[in-house]
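The lines below spell out each chain.
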Amino acid sequence: MTLLTSEHQIAKIPRKVALRLVLVMPFALQIFGAVGLTGWLSLRNGQKAVKEVSTRWRREVTASVDRHLETYLETPHSVNAIGIEPIRRFHLWNPDGMRRKTSYFFWQLQHFSSVNYISFGVKKRICWCWL
């Protein structure tokens, strides 16, 4: 008897479905699916592009910092390498020739724009030159 009752209830459900709903729903689902897929792919490709650009920019900044740091650290060695031979040849190591040392170091300061001062030390005396 219950079986008959449930069949009777199913028979009461209206079988009329609006034609508008049948025609519009598939198109709406297709549009929402296409727009959603396009949006997701765009977001994913945008994230990938941002990651590539940030990686390239980070490499360029790192290379620039490396170049500046290398130049900055290389300058004192260049000053010393250029300065050692005249010190030996012209006896600038002699503590009595302070005026000669000062003029020589001043000449060196003019040729190296990134050097602010040069010092030369011997026993009991230090010679400073700066711009």
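Draft legend 1. A look at the overall build of the protein. The number of helices and strands found in the protein is three helices and two strands. The helix and strand sequence of the protein, counted from the amino end, reads α-α-α-β-β. When each of the 131 residues of the protein is scored for burial, the buried share is 13%. When contacts within the protein are restricted to residue pairs at least 6 apart in sequence, those whose partners lie at least 24 apart make up 40%. As displayed, the protein has an accessible area near 11800 Å², and 64% of this comes from carbon and sulfur atoms.

Draft legend 2. Local environment of the side chain of Thr75. Position of Thr75 relative to the elements: it lies in helix 2 (residues 19-89). Residue Thr75 is classed as buried on the basis of its relative accessible area, which comes to 12%. Beyond its immediate sequence surroundings of up to four residues, Thr75 is in contact with Phe112, Ser114 and Val115.

Draft legend 3. Just the UniProt feature "transmembrane region" (unreviewed entry) in the protein, in detail. Within this numbering scheme, the UniProt entry marks residues 21-43 as carrying the feature "transmembrane region" (unreviewed entry). Helix makes up 100% of residues 21-43 and strand 0%, with an end-to-end C-alpha separation of 32 Å.

Draft legend 4. Here's a closer look at a nonpolar patch on the surface. A cluster of nonpolar side chains, contributed by Val17, Leu19, Leu21, Val22, Leu23, Val24, Met25 and Leu29, occupies part of the molecular surface with about 770 Å² of accessible area. Take Val22: it is sitting in helix 2.

Draft legend 5. Geometry of the nonpolar core. Residues Val79, Tyr104, Phe105, Leu109, Phe112, Val115 and Ile118 constitute the largest nonpolar core, which totals seven residues. Among the elements that make up this core, the one with the highest residue count is helix 3 (residues 98-111) (three residues). Excluding anything up to four places from it in sequence, Val115 contacts Thr75, Val79 and Leu109.

Draft legend 6. Spatial organisation of the layout of surface pockets. Taken as a whole, the largest pocket holds about 370 Å³ of empty space. Residue lining of the largest pocket: 17 residues in total, with Pro76, Val79, Val115, Tyr117 and Ile118 positioned closest to the centre. Secondary-structure elements contributing two or more residues to the lining of the largest pocket are helix 2, helix 3 and strand 1 (117-122). For the lining of the largest pocket, the element with the most residues is helix 2, which contributes nine residues. Residue classes in the lining of the largest pocket are distributed as ten nonpolar, seven polar and no charged.

Cut-offs used in this document
- Residues numbered from 1 in each chain as written.
- Predicted model: local features only at pLDDT ≥ 70, side-chain atom pairs only at ≥ 80, totals over all residues.
- Heavy atoms only, no water.
- Helix = DSSP H or I, 4+ residues; strand = E, 2+ residues; numbered from the N terminus.
- Buried < 20%, exposed > 50% of the residue type's maximum accessible area, 1.4 Å probe, protein only.
- Contact = heavy atoms within 4.5 Å.
- Areas by Shrake-Rupley, 256 points an atom, 1.4 Å probe, with all protein chains shown as cover.
- UniProt positions renumbered as here; feature names shortened; annotations may be inferred.
- Patch = residues over 30% accessible without salt bridge, like charges linked within 9 Å, V, L, I, M, F, W, Y side chains within 5 Å.
- Salt bridge = Lys/Arg side-chain N within 4 Å of Asp/Glu carboxyl O.
- Core = buried A, V, L, I, M, F, W, Y, C linked by side-chain atoms within 4.5 Å.
- 1 Å grid on protein atoms, 1.4 Å probe; cavity = no way out; pocket = protein on both sides within 12 Å on 5 of 7 lines; lining within 4 Å.
- Points joined across faces, edges and corners; volume = space filled by probe spheres on them.
- Nonpolar A, V, L, I, M, F, W, Y, C, P; charged D, E, K, R; others polar.

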